[in-house]
Amino acid sequence: MRRGAQAVGKTFDFRCPVHGFVTVEDEWERDIIQHPVFQRLRRIRQLAWTDMVYPGAVHTRFEHSLGVMHTATRMFDEVWARNERALEALNFSKESRARDRKLLRLASLLHDVGHSPFSHAGEEVMPFVTEEKRYKHEQYSAELVRQLMTDVIDNHRLNQRGWKIPASEIADFIEGKATIGLVSLFWRQLMSSQLDADRADYLLRDSHHTGVKYGQFDLDRLFITLTVAEDPETGAPLLAVARSGWHNAEALILARYMMFNQVYFHKTRSIYDFHIGEVLQTLLAEAQKDSGRANASAFPPPDTKEHLQSYFEWDDWRVLGLLHQGAGGEHGQILRDRRHYREVFSTPDVATEADLKLAETVAEKLGAFAIHTDDASTSWYKPKGEILVADGDVENPKKIVRPLSEISDIVRNMRPINRVRLYVPLEKRDGALAIVKKTLEAAAKKKLQKRRKGEASKAEAVKSEPFKAEASRREAPEVEVSKGEVTKAEVIPDEPDAAPETGGPA
Amino acid sequence: MKITFAIPWPRYGLIADLTCRNYERANYFGKTALQKQVYLLQTLFGVDCGYDFGLHTYGPFSAQLLADLDALSFMGGVTVENDPSIGGYRILPGERCDYVRKEARDFLEASEESIVNVVEEFGPRYAKDLELLATTVYAEREALLNGTPPLEDELADVVSHLKPHFSKEFIREAIRDLRDRSHIATR
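Every chain's residues receive numbers from 1 upward, in the order its sequence appears when written. Chain letters and ligand numbers both follow the written order, the letters beginning at A and the numbers at 1. For a predicted model such as this one, the threshold for reporting local features is a pLDDT of at least 70, and the threshold for listing and counting side-chain atom pairs is 80 or more; totals across whole chains, interfaces and linings nevertheless cover every residue. Computation of side-chain values: all heavy atoms of the structure, hydrogens and water removed.

As for the overall build of chain B
Rules: For helices the rule is a DSSP run of H or I covering at least 4 residues; for strands it is a run of E covering at least 2, with both sets numbered from the N terminus onward. Computation of the radius of gyration draws on C-alpha atoms alone. For the globule rule, the value is 2.2 Å times the number of residues to the power 0.38. For the exposure calls, accessible area comes from a 1.4 Å probe over protein chains only, and a residue counts as buried if that area is under 20% of its type's maximum, exposed if over 50%, partly exposed in between. We call two residues contacting when some pair of their heavy atoms lies within 4.5 Å. Only the protein chains shown count as covering a residue, and every accessible area follows the Shrake-Rupley method with a 1.4 Å probe. As used throughout, the charge tally considers Lys and Arg to be positive and Asp and Glu to be negative, leaving His and the chain termini uncounted. In this description, the location of a charge corresponds to atom NZ of lysine, CZ of arginine, CG of aspartate or CD of glutamate.
Within chain B, the secondary structure is distributed over eight helices and four strands. For 187 residues, the compact-globule estimate of 2.2 N^0.38 gives 16 Å, and the C-alpha radius of gyration of chain B, at 17 Å, lies within 12% of that figure. Projected onto its principal axes, the C-alpha coordinates of chain B cover approximately 50 × 50 × 25 Å. Among the 187 residues that make up chain B, the fraction classed as buried is 58%. In chain B, the share of contacts with a sequence separation of at least 24, taken over all contacts with a separation of at least 6, comes to 65%. About 8000 Å² of surface is accessible on chain B, with carbon and sulfur atoms providing 48% of the total. Side chains of chain B give 21 positive and 29 negative charges; the mean places of these two sets differ by 1 Å.

This is the structure in structure tokens:
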């Protein structure tokens, strides 16, 4: 029997390209996996249309969810095995350990069941909760579990006989509700934090399927260096990395950074998300025209069983089928013809204020070209907090805790990515590039004139009062000068897209 | 078509402004205080700061707010210093603090009264107390989603499960204190 597990009857194993085998520990878990709500994940691609750039990226949320359950469980078991006394010092009960573990396994397994077709690409089509805030897939996950899975959770004989974990508790765990209590909130960090199983799995899995090796880091090392600490300011229990594992934590951050730039925010991958969003709106408007809802071009909200049933019917297969039949409007045609919008301008990864202003100017000049913009700072792929490094006796939760950014020079100097891109329809690319070139040249000229003017006045000042001028140069505040001047802002050359996406006939 | 990719000055300006105001009053202003003061400003005073808060073992927390603090620190709006005496981080005004506040002038002027109130009321509190108060507010707001305010006992139970290192009586006092100031409602 596995450590901490209450195996009941048979176990089952899935082969996994990342973890080897993922074990399903009893018939209850198997029946949850067999449930239509979970099986739908076989029909939701993890990375939407990323295969247009990386042909291997056709994996689904189904295998990722199994991977997260596996990884979260390994983390849970290792944390308990190596930090037993520290956990007991925090009043974590050995008696409830098996149940805590089961709850974590099921929440990890089900955390993504609320994804829309093509995963994050569909998030722009979620309805609004408030004027400015849309529902998130986590809320759909929680409600699908709470309202459509009680048959296989609350009513399952193995649950009724032993675990007594209601669907609502799993849903609350997924959402991080206050009612789940400290112990569950602590373990929830394994599902959602900088050190979580979700991220650990998707980096390795996406790296494997795309063939981009930058997403690799040492997962086994991470398992054995996870530790328990206390927040130095408030005493709250935290999950941290032992000091011996900080280089590996650094590798995890670098993996995330590289995968973001190379895969998740790839210029072509990003624009396909936009086209899919437009297609979904068209398809939803058509399918829901008699629904009576104010916003029929958005998914139904996760507020009633009926709406959830309707949402559940949407998956990649349905969308692809409709696309195949010629539906989806203008953007459906673009997808069928593989004539996606093309990038004509981009700021550097870390854009300064001046870079963003330049992007605004270019966007204004391109106005007539029906541009689409892509802004990394609003991307779904954001850090979830800090990785904390703990120094001290493993048995004692009172360790010296410091953020990784204080120990690692690399992490300390990593700046948030806020790159902005401008796209235009393919047939307008040449005209748009000419406008971009002209705008950048004008900006460069203006800047040069400004610089010359500044140098001339400085020279004049040095001539009259050399010491004062030198002092004022030293004390001058940092001037808002663009780092992204013409030489840095990238003008995309007038040539076909990079090789990976031109692998097939247009 | 006017498209803007502006730096989020209102958010950066808010962090800079809170840093300056706490600094002027000699309040200890670290990462916990920043998170909790912004949460309370948004939740109790209805100032839309644009942050999504989730509940963590250390109370309400927004990853976006932390990312903004990093970005603002790189920009020179604030300085984040390690303070070994408490094992945490002190946030101090940076050399470009005033510049950032100026850029966010419209937002800061519109929210000034609420910001002043938050700093006056919660600025002098210890991080540990702020964590308890913010967690209590979070639990109460969550309970309100069910339609009616929670019973005091119910709320005390929920908070006690989240913060077992505080005595039940201390938690009840915190609840009453918040209720007396009309920040939360209980039955």
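So that's the structure; there's more coming.
Thoughts on the overall build of chain A
Summing up its helical and strand segments, chain A has 21 helices and 10 strands in all. Within the span of chain A, comprising 506 residues, buried residues form 55% of the whole. Total accessible area on chain A stands at roughly 22300 Å², and carbon and sulfur atoms take up 51% of it.

Some details on the sheet that holds strand S8 (residues 400-403) of chain A
Residue and element names in this part refer to chain A. The test is simple: Each pair of strands is called paired provided DSSP finds at least two bridges between the two strands. To get an axis, fit a line to the C-alpha atoms, keeping to the stretch in contact for a helix; angles then go from 0 to 180 degrees between the N-to-C directions.
The four strands lie next to each other as S3-S4-S7-S8, forming an open sheet whose pairing is mixed. Only two strands of the sheet have a single neighbouring strand rather than two, namely strand S3 (226-230) and S8. Mean inter-strand twist for the sheet, computed between neighbouring axes without regard to direction, equals 50°. Judged from the four bridges that link them, strand S7 (residues 388-391) and S8 form a sheet pairing that is antiparallel. Paired with Ala390 across the strands is Val401, a residue of S8.

A word on the packing of helix H1 (residues 9-24) of chain B against helix H5 (residues 105-122) of chain B
All names here are of chain B. Put simply, the test is: Angles below 35 degrees are treated as roughly parallel, those above 145 as roughly antiparallel, those between 65 and 115 as roughly perpendicular, and all remaining angles as oblique. Handedness of a crossing follows from how the near helix is turned relative to the far one, being left-handed for an anticlockwise turn of less than a right angle and right-handed for a clockwise one. Here the term charged refers only to Asp, Glu, Lys and Arg, the term nonpolar to Ala, Val, Leu, Ile, Met, Phe, Trp, Tyr, Cys and Pro, and the term polar to all other amino acids, Gly among them.
It is the contact of H1 with H5, at a shortest axis distance of 11 Å, that shows an interaxial angle of 40°. Classified by the interaxial angle, the pair formed by H1 and H5 is oblique. The crossing of H1 and H5 is right-handed. Across from Pro10, Gly13, Leu14, Asp17, Leu18, Arg21 and Asn22 in H1, the residues of H5 making contact are Phe107, Leu108, Glu112, Ile115, Val116 and Val119. When grouped by side-chain class, the residues that make up the contact of H1 with H5 number eight nonpolar, two polar and three charged.

Structural notes on the packing of helix H3 (residues 61-82) of chain A against helix H10 (residues 197-210) of chain A
Two packed helices can be described by the angle between their axes and the distance between those axes. Residues and elements named next belong to chain A. At their nearest, the axes of H3 and H10 sit 8 Å apart, and the two run at 130° to each other. Between H3 and H10, the interaxial angle falls into the category oblique. Both H3 and H10 take part in a crossing whose hand is right-handed. Taking contact as the criterion, the partners of Glu63, His64, Gly67, Val68, Thr71, Ala72 and Met75 in H3 are, on H10, Ala197, Asp198, Ala200, Asp201, Tyr202, Arg205 and His209. Residue composition of the contact of H3 with H10, by class: six nonpolar, four polar and four charged.

A short note on the nonpolar core
What counts is decided by this rule: Nonpolar cores were defined as sets of buried Ala, Val, Leu, Ile, Met, Phe, Trp, Tyr and Cys residues, with membership established by side-chain atoms within 4.5 Å.
A:Leu110, A:Val145, A:Ile153 and A:Ile170 are the most contacted members of the largest nonpolar core, which totals 182 residues. If you tally residues by element for this core, the top one is H3(A), at nine residues. Contacts of A:Ile153, omitting those with residues within four sequence positions, involve A:Trp28, A:Ile32, A:Leu110, A:Val145, A:Asn159, A:Ile165, A:Pro166, A:Ala167 and A:Ile170. Counting residues in each nonpolar core, the second largest holds 10 residues, with A:Ala236, A:Leu238, A:Leu388 and B:Tyr58 among its members.

Concerning the side chain of A:Ser141
Residue and element names in this part refer to chain A. Spelled out, the test is: In protein, a polar contact requires one atom able to donate a hydrogen and another able to accept it; more generally it is a pair of N or O atoms within 3.5 Å, and residues adjacent in sequence count only if both atoms are side-chain atoms.
Relative to the elements of secondary structure, Ser141 occurs in helix H6 (residues 137-148). Residue class for Ser141 comes out buried when judged on its relative accessible area of 0%. Engagement of the side chain of Ser141 in a polar contact is seen with the backbone oxygen of His111, the distance being 2.8 Å. When sequence neighbours within four positions are dropped, the list of residues in contact with Ser141 reads Leu110, His111, Asp112, Val113, Gly114 and Ile174.

Section: the confidence of the model for chain A
Keep this limit in mind: You can read pLDDT as the predictor saying how much it trusts each residue, on a scale of 0 to 100.
In this model, chain A carries an average pLDDT of 86, and 87% of its residues clear a pLDDT of 70 or more. Below a pLDDT of 50 lies the segment residues 1-7 of chain A, which in the model reaches 18 contacts outside its immediate sequence neighbourhood of four places, other chains included.

A short note on the interface of chain B and chain A
The line we're drawing: Buried area counts how much accessible surface, traced with a 1.4 Å probe, disappears from two parts once they are put together, with both parts' losses summed.
Each partner contributes residues to the interface: chain B has 43 residues there, and chain A has 46 residues. Summing both sides of the interface, chain B and chain A together bury roughly 3700 Å²; the carbon and sulfur share of this comes to 57%. Secondary structure elements with two or more residues in the side of chain B that touches chain A: helix H2 (31-44), strand S1 (54-56), helix H3 (63-75), strand S4 (88-93), helix H4 (97-103), helix H6 (127-144) and helix H7 (152-162) of chain B. When its residues are assigned to classes, the side of chain B that touches chain A shows 24 nonpolar, 10 polar and nine charged.

A word on the packing of aromatic side chains
Formally: For Phe, Tyr and Trp, where Trp contributes only its six-membered ring, two rings pair if their centres lie within 6.5 Å, and the inter-plane angle classes them as stacked under 30 degrees, edge-to-face over 60, or tilted in between. Charge-over-ring placement is defined geometrically: NZ (Lys) or CZ (Arg) within 6 Å of the ring centre, and within 35 degrees of the ring normal.
Tallied over the entire structure, the rule returns 22 aromatic pairs over all chains. A ring pair is formed by A:Phe186 and A:Trp187, whose centres lie 5.0 Å apart and whose planes are at 80°; its orientation type is edge-to-face. Per residue, the accessibility class of A:Phe186 equals that of A:Trp187, and both read buried. With a centroid separation of 5.9 Å and an interplanar angle of 90°, the aromatic rings of B:Trp9 and B:Tyr99 are classed as edge-to-face. Of the two residues, B:Trp9 is situated in helix H1 and B:Tyr99 in helix H4; the sequence distance between them amounts to 90 residues. By relative accessible area, B:Trp9 is classed as buried at 8%. According to the relative accessible area criterion, B:Tyr99 is partly exposed, its value standing at 26%. In this structure, A:Arg43 packs its charged tip against the face of A:Trp317, placed 5.6 Å from the ring centre.

Overview of the pattern of salt bridges
Residues and elements named next belong to chain A. Selection rule: Think of a salt bridge as a Lys or Arg side-chain nitrogen and an Asp or Glu carboxyl oxygen that are within 4 Å of each other.
Here the structure, examined in full by the defined rule, presents 51 salt bridges over all chains. For Asp51, the salt bridge is made with Arg45, and the minimal N-O distance between the two is 2.9 Å. Its relative accessible area of 22% is what places Arg45 among the partly exposed residues. The closest approach of N and O atoms between Asp391 and Arg243, which form a salt bridge, is 3.9 Å. Within this pair, whereas Asp391 is found in strand S7, its partner Arg243 is found in the loop between strand S4 (237-242) and helix H12 (246-264), the two being separated by 148 residues in sequence. Residues joined in a network through salt bridges with shared partners are Glu25, Asp26, Glu29, Asp77, Arg101, Lys102 and Arg105.

Here we look at the confidence of the model for chain B
Predicted confidence across chain B gives a mean pLDDT of 92, with 97% of residues reaching 70 or more. For this predicted complex, the interface confidence comes out at an ipTM of 0.92, alongside a pTM of 0.88.

Observations concerning the pairing of S3(A)
Residues and elements named next belong to chain A. The buried fraction of S3 is high, at five of five residues. Residues Leu226, Val228 and Glu230 point to one face of S3 and Thr227 and Ala229 to the other, with burial holding for every one of them. Taken together, the five bridges between S3 and S4 define a ladder with antiparallel strand orientation. By the bridge assignment for S4, Leu226 is matched with Val241. Hairpin connection between S3 and S4: a loop of six residues separates the two successive antiparallel strands, and Gly235 in this loop has a positive phi of roughly 80°.

Brief notes about unusual backbone geometry
Residues and elements named next belong to chain A. Positive phi is not limited to glycine here, since Ala48 has a value of about 50°. The buried category is assigned to Ala48, whose relative accessible area is 2%. Positive phi is not limited to glycine here, since Phe118 has a value of about 60°. On the secondary structure map, Phe118 appears in the loop between helix H5 (97-110) and H6.

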